[in-house]
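Residues per chain, in single letters:
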Amino acid sequence: MFGAQRTLSLPPLTRTITYLLAINTAVFLFLEFGEISSPGLTRYVFDWFGLRPEAVMHGYLWQLVTYSVLHAGFAHFFFNMLALWMFGAQIESMRGPRYFLELYVAGLLGAAVFNIALSYSRVLGDPTIPTVGASGAIYAVLMAFGIFFGDSEIIMIPLPIAMKAKYFVMILIVMTLALSLRKSNGVSEISHLGGLVTGYFFVKYTSGRGLSFSFSERYFRLRNSYHKWQRKKAAKKFEVYMRQQQKDSKDYFDEYGNFKPPDDPGKKDGGKGGWVH
């Protein structure tokens, strides 16, 4: 499906892709069979777990995530999962499971935020209507694929048309912008646009090892800076104290500000002195 050459080989089923496919498939089958025995189940689940901006603003925060595993029909489910596998496996193979999962979650959350923010304008949607589907997260994956593998050719199934991934993403953006202006399906297309934007910023402004790695690096950098500041502050206080005692701090600290090991010629372990570990 992708690569420098045109090929019909299928991508591998990577770990994160397998988990996501399994979760979405399990929920889809549960609703399909549940609707047979309990008519109205799907509507009930969509109301409680689909993304309704009005409900989220009243505390139904779980909908920011749960909407992504619900799908409105087989075609909606099938093509989302197919795109997830075809485009996501390549990214996970290159960047790893953690990076891909963070990209996926960022996409679905970004799509949800776009949906909520713009639906309240009532020009591009209605905050009382639920939105379902993993499309927002999938569009983030598509954007990432277009950035990472822009010169790879993809085949537009079922049409025998091959084009470079970067052009495919460009066409996708234009179509999404155009469809977003249509009142009939504005909310879902706005979610798609949110996924595209989130995917772009995630790829461009996070570390190649993922968002959590970037946060941990910044945390440890800030923590180390704080400890250095504390040491400098303590060193200044110590210098003031040494001056008051008419002693030279250089007898106790080396040029790097570290304590010199004490000289203890009377030690019983060979008379070397120094610190005991």
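As the structure is a prediction and not an experimental result, all values here were calculated from the model.

Q: So what about the overall build of the chain? Which residues, and what values?
A: In terms of regular secondary structure, the chain is built from ten helices and two strands. Sequence-ordered secondary structure for the chain, helices as α and strands as β, is α-α-α-α-α-α-α-β-β-α-α-α. Summarising the internal contacts of the chain: among those between residues at least 6 apart in sequence, 66% fall at separations of at least 24. Carbon and sulfur atoms provide 63% of the accessible area of the chain, an area that totals close to 17,000 Å².

Q: A description of a nonpolar patch on the surface should follow, citing residues and the corresponding values.
A: Side chains of Y44, W48, F49 and W62 sit close together on the surface and give an oily, nonpolar patch of about 420 Å² of accessible area. Tracing the backbone shows Y44 in helix α2 (residues 41-49). Residue Y44 is classed as partly exposed on the basis of its relative accessible area, which comes to 49%.

Q: Please give an account of the packing of helix α5 (residues 74-95) against helix α7 (residues 135-148) that cites residues and values.
A: Two numbers describe how α5 lies on α7: the axes approach to 9 Å, and their chain directions differ by 40°. In terms of orientation, α5 lies oblique with respect to α7. Between α5 and α7 lies a crossing of left-handed hand. The segment α5 lies against α7, with H76, N80, A83, L84, F87, G88, Q90, I91, M94 and R95 engaging S135, I138, V141, L142, A144, F145 and F148. Split into classes, the residues belonging to the contact of α5 with α7 amount to eleven nonpolar, five polar and one charged.

Q: Just give me the short version of the packing of helix α1 (residues 15-37) against helix α6 (residues 97-119), but keep the residues and values in it.
A: Following both chains from N to C, one finds α1 and α6 inclined at 40°, their axes separated by 9 Å at the closest point. Classified by the angle their axes make, α1 and α6 are oblique. For the pair α1 and α6, the contacting residues are R15, T16, I17, L20 and N24 in the first and P97, F100, L101 and Y104 in the second. When the residues that make up the contact of α1 with α6 are grouped by side-chain class, the tally is six nonpolar, two polar and one charged.

Q: So what's going on with the nonpolar core? Which residues, and what values?
A: Burial of nonpolar side chains together is a common tendency in soluble globular proteins. Ranked by size, the top nonpolar core spans 44 residues in total, and within it L84, F87, I91, F100, L103, Y104 and F168 carry the most contacts. For this core, the secondary-structure elements that each account for two or more residues are α1, α5, α6, α7, α8 (165-180) and α9 (186-205). Those residues in contact with F100 that sit more than four places away from it in its chain are T16, I17, L20, L84, G88, I91, E92 and V141. In this structure, V45, F46, L70 and V132 belong to the second largest nonpolar core, which totals five residues.

Q: Break down the pattern of salt bridges for me, with residues and values.
A: Opposite charge on two side chains permits pairing when their charged atoms draw close. Within the structure shown, the criterion is met by one salt bridge. Where K166 meets D151, a salt bridge forms, and the shortest distance between an N and an O atom there is 3.0 Å. Of this pair, K166 sits in helix α8 while D151 is found in the loop between α7 and β1 (153-156), placing the two residues 15 residues apart along the sequence.

Q: I'd like a rundown of the packing of aromatic side chains, residues and numbers included.
A: Going through the model one piece at a time under the given rule, you end up with 16 aromatic pairs. The interplanar angle of 5° and the centroid separation of 6.0 Å between the aromatic rings of F87 and F168 together place this pair among those described as stacked. One end of the pair, F87, is in helix α5; the other, F168, is in helix α8, with 81 residues separating them in the sequence. On the basis of relative accessibility, which here comes to 15%, the residue F168 falls in the buried class.

Q: Describe in detail the side chain of T206, supporting the description with residues and values.
A: Among the structural elements, T206 can be located in the loop between α9 and α10 (211-244). The exposure class of T206 is buried, given its relative accessible area of 17%. Only 2.4 Å separates the side chain of T206 from the backbone oxygen of F202, close enough to count as a polar contact.

Q: I'd like to hear about the confidence of the model for the chain, residue by residue, with values.
A: The predicted model of the chain averages 78 in pLDDT, with 68% of residues at 70 or higher. Low pLDDT, under 50, characterises residues 1-8; the predicted model gives this stretch 21 contacts beyond four residues in sequence or across chains. Long-range and interchain partners of residues 183-187, a stretch whose pLDDT sits below 50, account for ten contacts in this model, where long-range means more than four residues apart.

Q: Requested: an account of the environment of F78, with residues and values cited.
A: By secondary structure assignment, the location of F78 is in helix α5. Relative accessible area serves as the criterion here: at 37%, F78 is assigned to the partly exposed category. When the C-alpha positions of F78 and T25 are compared, they lie 9.2 Å apart, and in sequence the two are 53 residues distant.

Q: Tell me about α7, and name the residues and values.
A: In an α-helix, one turn spans 3.6 residues; hence positions three or four apart end up facing the same way. The end-to-end C-alpha separation of α7 is 20 Å, in line with the 20 Å expected for 14 residues at 1.5 Å each. Burial of α7 is extensive: twelve of the 14 residues sit out of reach of the surface.

Q: I'd like a rundown of the side chain of S68, residues and numbers included.
A: Here S68 is to be found in the loop between α4 (63-66) and α5. A distance of 2.7 Å separates the side chain of S68 from the backbone oxygen of V65, its partner in a polar contact. Those residues in contact with S68 that sit more than four places away from it in its chain are N24, L108, G133 and A134.

Rules and cut-offs
- What you see as residue numbers is a count from 1 along each chain, following the sequence as written.
- With pLDDT at 70 or above as the cut-off, local features in this predicted model cover only qualifying residues; side-chain atom pairs require 80 or more to be listed or tallied, and sums for whole chains, interfaces and linings still use all residues.
- With hydrogens and water stripped out, all remaining heavy atoms of the structure feed into the side-chain values.
- The numbering of helices and of strands both runs from the N terminus, where a helix is a DSSP run of H or I of at least 4 residues and a strand a run of E of at least 2.
- Pairs of residues are marked as contacts when any of their non-hydrogen atoms sit within 4.5 Å.
- Only the protein chains shown count as cover for residues, and all accessible areas are computed by the Shrake-Rupley method using a 1.4 Å probe.
- Each patch is built from residues that are more than 30% exposed by relative accessible area and take part in no salt bridge. Like charges join if they lie within 9 Å; nonpolar side chains (Val, Leu, Ile, Met, Phe, Trp, Tyr) join within 5 Å.
- Put simply, a salt bridge is a Lys or Arg side-chain nitrogen that is within 4 Å of an Asp or Glu carboxyl oxygen.
- A 1.4 Å probe rolled over the protein chains alone gives each residue an accessible area, and that area as a share of the maximum for its type sets the label: buried under 20%, exposed over 50%, partly exposed in between.
- Helix axes are fitted only over the stretch in contact, all axes being lines through C-alpha atoms; the angle between N-to-C directions runs from 0 to 180 degrees.
- Just so you know how the angles are binned, under 35 degrees is roughly parallel, over 145 roughly antiparallel, 65 to 115 roughly perpendicular, and the rest oblique.
- When the near helix sits turned anticlockwise from the far one by under a right angle, the crossing is termed left-handed; a clockwise turn instead gives a right-handed crossing.
- Residues are grouped as follows: Ala, Val, Leu, Ile, Met, Phe, Trp, Tyr, Cys and Pro are nonpolar; Asp, Glu, Lys and Arg are charged; every other residue, Gly included, is polar.
- Remark: nonpolar core denotes a set of buried residues (Ala, Val, Leu, Ile, Met, Phe, Trp, Tyr, Cys) joined through side-chain atoms within 4.5 Å.
- Any two of the Phe, Tyr and Trp rings considered here, Trp counted by its six-membered ring, make a pair once their centres fall within 6.5 Å; the pair's planes then place it as stacked at under 30 degrees, edge-to-face at over 60, or tilted in between.
- Any pair of nitrogen or oxygen atoms within 3.5 Å is treated as a polar contact; in protein, a donor-acceptor pairing is required on top of that, and neighbouring residues in sequence qualify only through side-chain atoms on both sides.
- For every residue, the predictor reports its confidence as pLDDT, a number between 0 and 100.
- By definition here, a helix of n residues has an expected span of 1.5 Å times n minus one.

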